[in-house]
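As a plain string of letters, each chain reads:
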Amino acid sequence: MWVKILPSLKMGTLWFTSLWYLLFFLLTSEEACAESVIKSVQLIIHPRNEVERGTNVSLICHAEVSHSPGSLPIYEYNIYKDFKLLNTDQANSKDYQYSIPDARMADSGKYKCEVVIKEQKKESLVEDLTVKGLQTPVLTVDKLKLIEGNHVNFNCTAEGERGLLRFFIRDGSQELYTELTYSRRVDWQLNLPKGTVNIFCYYSITLRSTELSNVSNVIRLDIQELEINPNIEVIPSKNVTEGDLITFSCSVDTTYQRNSDPIITLSHGHIVLSSNMTKTDYKVYAKANESGEYECTSRLGSVSKVSAMNISVKELFSMPVLSIPPAKVFEGEHFSISCQINSLASERIRMDDIRYSILQDKTPVINGSLYNGTAGKASNGKYICVAEAKGIIKKSRMVLFEAEVLVSKPEISVYGPVIVNKPFWIHCHSYNGSLPIIYSLKRNNITLNKTEVSDLHENARFLAMISTPLDISSYMCEAENNGQVSRKMSERLRVTVIVPVGKPLLTIIPVPENIEEGSDVTLICNIAKGSPPINFSFYGGSGTEIYSTTVQSNSSSYVLSAVKRQQSGNYYCEANNQAQSLIKSDTVSVEVSLATWKKALIAVFCMLVVALLVLFIVRHYKAKRVVVNNKESVWSERLPDVADQDSLVSTNEGDIEYTEVVHLQPVDPTQIPRKKGTDTVYSELQTTQGATEHVNHEDLLEYAELSHDLPEPVD
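If you're wondering where the values come from, they're calculated on a predicted model, not measured in any experiment.

Q: Honestly, the sheet that holds strand S27 (residues 321-323) in this entry has me stumped. Any pointers?
A: The pairing of strands in a sheet comes from backbone hydrogen bonds and takes either a parallel or an antiparallel form. Reading across the sheet, the 3 strands line up as S27-S28-S31 and stay open at both edges, with antiparallel pairing between neighbours. Each of the sheet's edge strands pairs with one partner strand only, and the pair in question is S27 and strand S31 (370-374). Ignoring which end each strand starts from, the neighbouring axes of this sheet average 15° apart. Where strand S28 (residues 334-340) meets S31, 5 bridges bridge the pair, whose relative direction is antiparallel. The residue of S31 that forms the bridge with histidine 334 is threonine 374.

Q: It is not clear to me how a nonpolar patch on the surface should be interpreted in this structure. Could you clarify?
A: Residues Leu164, Leu180 and Tyr182 make up a contiguous nonpolar surface patch of about 330 Å² in total accessible area. Residue position: leucine 180 is located in strand S14 (residues 174-181). By relative accessible area, which is 45% here, leucine 180 ends up partly exposed.

Q: Just to check I follow, could you spell out the pattern of salt bridges for this structure?
A: Side chains that carry opposite charge are capable of pairing whenever their charged atoms lie near each other. Tallying each qualifying case throughout the model produces 17 salt bridges. We note a salt bridge from glutamate 159 to arginine 184, for which the minimum N-O separation is 4.0 Å. Here arginine 184 lies in the loop between S14 and strand S15 (185-191) and glutamate 159 lies in the loop between strand S12 (151-157) and strand S13 (165-171), a separation of 25 residues in the sequence. Aspartate 187 is the salt-bridge partner of arginine 185, the closest N and O atoms lying 3.2 Å from each other. Among the ionic contacts, a cluster of salt bridges with common partners joins Glu242, Glu315 and Lys394.

Q: For this particular structure, what's the right way to read the sheet that holds strand S45 (residues 521-526)?
A: The strand order across the open sheet built from 3 strands is S44-S45-S48, with neighbouring strands paired in antiparallel fashion. Both edges of this open sheet fall to strand S44 (505-509) and strand S48 (555-560), since each of them pairs with a single strand only. Direction aside, the axes of adjacent strands within the sheet are offset by 20° on average. Where S44 lies against S45, 5 bridges are found, and the strand directions are antiparallel. Across the sheet, residue isoleucine 509 finds its bridge partner in S45, namely threonine 522.

Q: Sorry if this is basic, but what is going on with the side chain of asparagine 481 here?
A: Note that asparagine 481 resides in the loop between strand S41 (475-480) and strand S42 (488-489). For asparagine 481, a relative accessible area of 13% gives the class buried. Within polar-contact distance, the side chain of asparagine 481 engages the backbone nitrogen of valine 407 at 3.3 Å. There is a polar contact of 3.1 Å between the side chain of asparagine 481 and the backbone oxygen of serine 434. Sequence-distant contacts of asparagine 481, that is, excluding residues within four places in its chain, are made with Phe330, Val405, Leu406, Val407, Gly433, Ser434, Pro436, Ile437 and Ser486.

Q: What am I meant to see in the packing of aromatic side chains here?
A: When we look at a pair of aromatic rings, we describe it by the centre distance and by the angle of the planes. Enumeration over the complete set of coordinates arrives at 15 aromatic pairs. A centroid spacing of 6.0 Å and a plane angle of 15° characterise the contact between tyrosine 75 and tyrosine 77, whose relative ring orientation is stacked. Both residues of the pair, tyrosine 75 and tyrosine 77, count as buried. The interplanar angle of 10° and the centroid separation of 4.8 Å between the aromatic rings of tyrosine 539 and tyrosine 572 together place this pair among those described as stacked.

Q: I keep staring at the environment of lysine 94 and nothing clicks. Help me out?
A: Along the chain, lysine 94 turns up in the loop between strand S5 (84-91) and strand S6 (95-100). In sequence terms lysine 94 and valine 65 are 29 residues apart; their C-alpha atoms lie 7.5 Å from each other. The contacts of lysine 94, once residues within four sequence positions are left out, are Cys61, His62, Ala63, Val65, Tyr75 and Tyr77.

Q: I tried to follow empty space enclosed by the protein on my own but got confused; where do I start?
A: Empty space left among the atoms is revealed by rolling a probe the size of a water molecule over them. Under the defined criterion, the tally for this structure stands at 1 cavity of 30 Å³ or more. The space that makes up the largest cavity amounts to roughly 40 Å³. Lining the largest cavity, in full, are Ile515, Val521, Leu560, Val563, Gln567, Tyr571, Val590 and Val592. Residues that form the lining of the largest cavity fall into these classes: 7 nonpolar, 1 polar and no charged.

Conventions and cut-offs
Residues numbered from 1 in each chain as written. Predicted model: local features only at pLDDT ≥ 70, side-chain atom pairs only at ≥ 80, totals over all residues. Heavy atoms only, no water. Pairing = 2+ DSSP bridges. Helix = DSSP H or I, 4+ residues; strand = E, 2+ residues; numbered from the N terminus. Axes fitted to C-alpha atoms, helices over the stretch in contact; angles between N-to-C directions. Patch = residues over 30% accessible without salt bridge, like charges linked within 9 Å, V, L, I, M, F, W, Y side chains within 5 Å. Areas by Shrake-Rupley, 256 points an atom, 1.4 Å probe, with all protein chains shown as cover. Salt bridge = Lys/Arg side-chain N within 4 Å of Asp/Glu carboxyl O. Buried < 20%, exposed > 50% of the residue type's maximum accessible area, 1.4 Å probe, protein only. Polar contact = N/O pair within 3.5 Å; in protein donor to acceptor, adjacent residues only side chain to side chain. Contact = heavy atoms within 4.5 Å. Phe/Tyr/Trp six-rings, centres within 6.5 Å; stacked < 30°, edge-to-face > 60°. 1 Å grid on protein atoms, 1.4 Å probe; cavity = no way out; pocket = protein on both sides within 12 Å on 5 of 7 lines; lining within 4 Å. Points joined across faces, edges and corners; volume = space filled by probe spheres on them. Nonpolar A, V, L, I, M, F, W, Y, C, P; charged D, E, K, R; others polar.

Structure, rendered in structure tokens:
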């Protein structure tokens, strides 16, 4: 509830303005706080859900709503039919009524109502309304007496019906007219044939199913025939001979048809011969192909009547026939063209009455029934024959004449490479010549094979094989298309022949047994036969390819520079050419030996080792001798005297040799540790002059091994 306060005094003070806003807020807050709750919605159909046509039906929407005290909500009611909005309205009441006066079947359907209060919505359950019965339609016409061709207007009305209606107009079982409309009536105009008709109408409405109305009243109409039937006459008769003059006349008796002037036409098949037969007759010379039915048609308004007569026309003479024997004529040969008829009307004409002419491409060639000529390009063309008698002209069917062309000199070729001892295809082809063409493959004038070609773009193919390159020129090709007189021979076959490679031979220089490390080795691969270019491949000791080349000769080489011992192994080569016949040589074993200087160095080293070994043995032997002599001196009971020394020295050919033996210092045997190895005794040799001289390294110094187990000598 809104309260509008109009101040009578000027609000100039702040307290008065504040008081006014406060009052406005309180009043508006009261309405805003008012609440409503829709509990349920119910749709009631009155008087009932199923009624008869014409009943007044009410749809009552009842809402159960709770609301705040002192507030009255505004209800919005929405009525739906078949789930589509039908009507919407607002009210302050909990009940709302929607009326359907004078209900019709179109009002049948599924209904529901919806109540909306502010943001709340609630719907009722769906209720079905069924209205039974359709209005019986009424049929009317504007006239009852008719003459054939008159128009009559019909009207079919279903008063009070609503919805989409389909009207039907019938004459018994014959449907004359139908229309779909939302209107309660249909009007149409018909042009009925002669006789009696019984016209009625009805309509249908489609809801959940199609419902048909009762049949309307039946109107009987008698249509009087319009007497405008034509009469047809033919002079001289219905059976005539080609060339005869025929007169057609058509008429209509209008004695009983006042103020009528029908239109009369004459037609033959689909062709109108005359459209003014009322005033004049139609005349024509009979032709054999014009036999058949002729019709006279009279038309008045939309009414037409037809009378017909069958006319038979006999041929004066048959259609001429053009013939050109024989079927095939080659250029330069003679040919003839004849023209004749097979039958004629002997009671009207004789054979001599017929005049003939022969035309080539519409140009006369001869006036007569026979033409002789020589076949050639000038004689090629389209020929027809014309026969004429008593004004009747007939033409034969067109005959196309083309002189056959003699085959041209064939060309011989091959498809793909020619390889010795392998099959290949030989092609023969003539660019000119009438088909079919017979091709023959000859070798040294002996026929090997024949084939027939029926396509100008097709080649004759023959499979052949040669054993030597010279055999290729022995092949020739022959073509013919008109017997022996047309035979043409090709040139000899000239193509490149590929000879497969022979087995290659691998040669190694120097010989495999004399190859030293660091030297150059030449590998030479050679074949005895084979057409270049030839591909040579060399393979090393491990079986991997080391070199490949293509040359125009029968051999190829490859140099291994400064070979190493690791390059020892089995070597071979392969040869191949366009014949794609890969052949492998025999394997050659190569052993790379040491270089000469390495061998000499090893020999010197071995000799040095041997010399050192010999020296070691000699020294070892002499050292043992010294040890033996020392033992004799050390273990003597007395020292040798001067005489003994002299005698000892005298054994060396006058030279004096002094030998000094150094003895170990006496020690306590218990305090001497056990020694491993040997003690060395030094001997010094002196010459007679008393000077010390080293003669050589063996004589100057000797080593002796003394056993560490020997006891110390006693003084």
